[in-house]
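The lines below spell out each chain.
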Amino acid sequence: MLVLENGNGDSPPGRLDRVTDALINLEFGHPHGERSRLEWLRMFAACGLGVEYGQGFTSRFGGFKGRHRLYVLNVL
């Protein structure tokens, strides 16, 4: 299972991150449910999932910089 999260830090993405994400993905007016890295790890564990691999990275689109984190999960 793969999970791709916008944001790459220990806290959820801030307002600028959410605006940049909305512009890049052309998605406006919906609630954002981003989580911090620790919140994701707790949720995965609660669902019986472990992180096999996690990687943070930065992308650029139309002059905007986006931070992301990829998780590859396995069943515990």
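Throughout, residues of each chain are indexed from 1 in the direction in which the sequence is written. In view of the model being predicted, local features appear only for residues whose pLDDT reaches at least 70, and side-chain atom pairs are presented and counted only at 80 or more, with totals across whole chains, interfaces and linings using the full set of residues. Heavy atoms throughout the structure, all of them, feed into the side-chain values; hydrogens and water do not.

Colleague: Explain the environment of aspartate 21 to me, using residue names and the numbers behind them.
Modeller: Relative to the helices and strands, aspartate 21 resides in helix α1 (residues 15-25). A sequence separation of 45 residues divides aspartate 21 from glycine 66, and the C-alpha atoms of the two residues are 7.0 Å apart. Secondary structure follows DSSP: runs of H or I at least 4 residues long count as helices, runs of E at least 2 residues long count as strands, and numbering of each begins at the N terminus.

Colleague: Go over the sheet that holds strand β2 (residues 49-61) with me, naming the residues and quoting the values.
Modeller: What the three strands build is an open sheet, ordered β1-β3-β2; its pairing is antiparallel. With partners counted over all chains shown, the strands left at the sheet margins are β1 (2-6) and β2, one partner each. Averaged over all adjacent pairs, the angle separating strand axes in this sheet is 20°, with direction ignored. Contact criterion: two residues are considered in contact whenever any of their non-hydrogen atoms come within 4.5 Å of each other. Between the N-to-C directions of two axes lies an angle of 0 to 180 degrees, each axis being a line fitted to C-alpha atoms and, for a helix, fitted only over the stretch in contact. Across the sheet, α1 is in contact with β1, β2 and β3 (64-75); its angle to β3 comes to roughly 90°. One requirement defines pairing of two strands: DSSP has to find at least two bridges between them.

Colleague: Before we move on, could you go through the pairing of β3 and cite the residues and values that matter?
Modeller: In the sheet, β1 pairs with β3 via five bridges, with the strands oriented antiparallel. Directly across from asparagine 6, in β3, lies its bridge partner histidine 68. The pairing of β2 with β3 spans twelve bridges and is classified as antiparallel. Looking at the pairing, valine 51 lines up with leucine 73 of β3.

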